[in-house]
Every structure is written in C-alpha cells, then in structure tokens.
Amino acid sequence: MIARGSGATVVDVDGIEYLDLVNNYTSLVHGNAFPPIAEAISTAAQRGTVFPSLHIAQVELAEEIISRVPAIERLRLTNSGSEAAALALRIARRATGRRNLVVIEGAYHGSVPPFTGDEPEVRTLPFGDIAAIDQLIDSETAAVFAEPFLGAGGVIPHEVEYLRALQGRTRAVGAVFVFDEVQALRNAPNGAAAALGIEPDLVLIAKIIGGGLPIGGVGGRADLLDLTSAFIPGRLSHAGTFNGHVAAAAAGTVSLRRLDASAIDGLNSGAERLAASILAAAEAEQVPMTVTRVGSILNLHPGSAPVTTPEDARRNSTGRAALHLALMIEGIYTTPRGMINLSTALDDRMLDDAAAGYARAFARLRPVAAELAGQS
Ligand SMILES: Cc1ncc(COP(=O)(O)O)c(C=O)c1O
C-alpha cells in the first residue's frame, strides 16, 4: 500500500522507497506531486473547485489541447477516459443513426460497456488483419475505435498501413473513426494521429490532460461535437456534476504546457536508452527478455520470441509475475503486466538506477530463467 509520492519516488506504508516507473499508468508524466501542478491544484482549492458553469480553467485547458492536436476542432470534457469513450460512441450513434461498434482485438478503451466486451453490438477485428476490415466494417457500423498502439494490450504498435486502411473503410461506409490517444498523447507534441498522418473524426484523451486528477475528453470534428451543444434543439445531452473538474483542468493545463516538444524528445530518448540498458542487463544475466516500446511507454515480455500481437503479449503470465516481484524487491515500482513509462522527474542518474535495478532483478531470476521464459 502506498503512503506518498514525490517526483520519481513512491513510498509505501512501511516506509520503503521505490523508483516509480508506473506513474499511475502513464498519467503522471511529470512524476508525483510535481510542484507547479501542486500549486495549480492548491490555487483551485482556494478559489473554488466546481461550478455549474463554464470556467476559465476549462477554457484554458481546451485552448491548450486544440492548439496542439490538429484533429480537435471542438472538445467536451468528461471525468475519465472511459467516460470519453462512452460519449464518443453516443455521438457516433447519434450522427449515423446506427448502433454497431467495431474495436480491435486486444484494445482497451476503458471500463464502461459496451467496451468491456461480450456485447451483441460489438464486433472485434482480428489484430493487424487488413483483409478482415472490409468484412467487419459495414453500412451498419456507427463507429470504429482504434488506439495508435495497443497500450494495456502490451504496448504493441499497429502498422500505419493498417490504421490507414481502417480510416479509409470507416469513411467509405459513413461511420465515425475514433482514435484513442488516452495513452498516446504524451508521445508526440501534436498527438499520435498527427505524427502518423491519420485524420480521425473524434479523438479520446485523458490521463496527462488532468495532471494526476481525474479527467477525460472527446475532441474532434466541430459538426460531431456540436451534436452535444446546449444551443442545438434535440441535442445529445452530456450532463455530469463534475465534468471537466476545475482543479483537474488547472492541473492538466500545467501538465501539458510543461510537456513541450523538447520534454517529449527527452522522454522518448530516455525510454530508448532505458530499453537498451534493460535488454543488455537481461542478456548479461542470460534471462531471455523482449521489450516493446512506443515513445516513452515500454513493456517487458519474458522470453525471446518476438512480441507483435496481443496474443504474444498475453503469453507467460508466470514470468511476468516473477519479474514484477523481483523488481519490487529491488526497489523498482512497475506494473504486473510489465508496462513501464517515463516521467520528466526521472533524470539520467535515476534511469541508470532503474537499469541497475532491472539487472539485480534479472540476477535473482537467473536460476529459473529457462522455466520462466517458457511458461504460459
Ligand atoms: C487507451 C485507453 N483508453 C481509455 C482508457 C480509460 O481511461 P480511464 O482510466 O481514465 O477511464 C485507458 C486507461 O488506461 C486507456 O489506456
């Protein structure tokens, strides 16, 4: 159980310190209790945190996002990425008059139905299978949702051709193409769609846009967002007591302004170096290990077989659990599935410490390396 965090360190209730490579699952891009963000939250707490009206902090956050992400002409704020996904689907259904949703195998768009699976109106595209796109996306499809890379599904990038084919088919059948940048926004100054040359109709954002407080947003084409406008008769109502919470909006604006192109470059090149040092340490200890990486988000996968599909990333849960525990013992706070990500609080010395922690964890696992790599 965690008691507190500061910068790149978290401390548990027993007073044990860990180097934080989780950053609350990519949301704390500046680490824990980043002073400029703490100050923004404190100011909001003193001036009032929630009002039944538009607030300047929400407008500032929206302007920051719209100036960065070309596909976002208008924006509506929610309380989480999950709520943003649900709202985007409602907008798509209203715009198209259709019900069906298409998602990609291994994708994660939050914890609200129908994204939780096993719903009759959801079709799942086999990962990376361009030929299946035309079969499963048709004139009854309301929306197609895609992450630029599988985040929770193992940090596995899609081929750009695959994303382009998805976009093309979605457009051809008159459905709405929703790009889920909840994780990916941190990796490029103008977002993932711009970096990849993708032009989505709607974009989902969350995590770093709240600076560590709960928030989410749906942005995109003005005509689609206008369907939720209070000024349009018969509009799609998007009520919510805390939508776009003022403290979260204030914290998020600081989080984004501090994440300029050079900060993003630093994170991505730090992640590249860390991946290389972890692989070198694994090789030195003869513990077979694979690393996938997109920008500043990485995933370790025990074993030497390439990891290019969601099925590959599900392999070897015993090896993942053993690595997670060995890292915790060595003072490195990671996720059970092997995902880690960088914050701007991590300096070069701390990244060296992280690599050294991985090396010690691999040394612990060395006696059982062959068994761990082969487990299912
Ligand atoms: C790609 C993606 N979409 C949506 C979500 C849901 O966001 P939230 O946890 O804010 O509900 C997540 C959360 O991890 C995510 O990674």
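Rules behind the numbers
- Residues numbered from 1 in each chain as written.
- Predicted model: local features only at pLDDT ≥ 70, side-chain atom pairs only at ≥ 80, totals over all residues.
- Heavy atoms only, no water.
- Pairing = 2+ DSSP bridges.
- Helix = DSSP H or I, 4+ residues; strand = E, 2+ residues; numbered from the N terminus.
- Axes fitted to C-alpha atoms, helices over the stretch in contact; angles between N-to-C directions.
- 1 Å grid on protein atoms, 1.4 Å probe; cavity = no way out; pocket = protein on both sides within 12 Å on 5 of 7 lines; lining within 4 Å.
- Points joined across faces, edges and corners; volume = space filled by probe spheres on them.
- Near = heavy atom within 4 Å.
- Polar contact = N/O pair within 3.5 Å; in protein donor to acceptor, adjacent residues only side chain to side chain.
- Areas by Shrake-Rupley, 256 points an atom, 1.4 Å probe, with all protein chains shown as cover.
- Sits in = over half its atoms within 2 Å of the grid points.
- Nonpolar A, V, L, I, M, F, W, Y, C, P; charged D, E, K, R; others polar.
- Domains from an automatic or database assignment.
- Contact = heavy atoms within 4.5 Å.
- Buried area = accessible area lost by both parts, 1.4 Å probe.
- Salt bridge = Lys/Arg side-chain N within 4 Å of Asp/Glu carboxyl O.

Draft legend 1. Region of the structure containing the sheet that holds strand β13 (residues 289-294). One open sheet accounts for three strands, arranged β13-β14-β16; its pairing is antiparallel. At either end of the open sheet lies a strand with only one pairing partner, and these are β13 and β16 (339-341). Neighbouring strand axes in the sheet, compared pairwise and without regard to direction, differ in orientation by 25° on average. Pairing geometry for β13 and strand β14 (residues 297-302), over six bridges, is antiparallel. Looking at the pairing, T292 lines up with N299 of β14.

Draft legend 2. View of empty space enclosed by the protein. Under the criterion given, the structure shown has three cavities of 30 Å³ or more. Space inside the largest cavity adds up to approximately 50 Å³. Around the largest cavity, the lining residues are L300, P302, R320, L323, H324, L327, T334, T335, G338, I340 and Y358. If you list the elements that add at least two residues to the lining of the largest cavity, you get β14 and α12 (317-329). Lining of the second largest cavity is provided by V287, P288, M289, P302, G303, G319, L323, L365, A369, L372 and A373.

Draft legend 3. Here's a closer look at the site of the ligand. Neighbouring the ligand are S80, G81, S82, Y108, H109, G110, E147, D180, V182, Q183 and K207. Between the ligand and S82, the relevant distance is 2.6 Å, taken from an oxygen atom to a side-chain nitrogen or oxygen of the residue. Interatomic distance of 2.7 Å between a side-chain N/O atom of D180 and a nitrogen atom of the ligand. Burial of the ligand by the protein chains amounts to 83% of its free accessible area of 390 Å². Of the pockets mapped on this structure, the ligand occupies the second largest pocket. Taken together, the residues that form the shell around the ligand break down as two nonpolar, six polar and three charged.

Draft legend 4. Representation of the domain arrangement of the protein within the structure. You can read the domains of the protein as domain 1 (2-33 + 260-374) and domain 2 (35-257). Just the C-alpha atoms count here: the centres of domain 1 and domain 2 sit 27 Å apart. Taken together, the contact between domain 1 and domain 2 spans 30 residues of the former and 25 residues of the latter. Here domain 1 packs against domain 2, burying approximately 2100 Å² in sum over the two surfaces, 59% of which is carbon and sulfur. It is I264, V294 and P310 in domain 1 that bury the most area against domain 2; as a group they hold 25% of the surface buried on that side. In this structure, the connection of domain 1 to domain 2 is made through one salt bridge. The partner of E105 in a salt bridge is R314, with the nearest N and O atoms 4.0 Å apart. At the boundary of domain 1 and domain 2, one finds twelve residue pairs in polar contact (both at pLDDT 80 or more). Taken together, the elements giving at least two residues each to the side of domain 1 that touches domain 2 come down to α1 (23-26), α10 (261-284), β13, β14, α11 (310-314) and β16.

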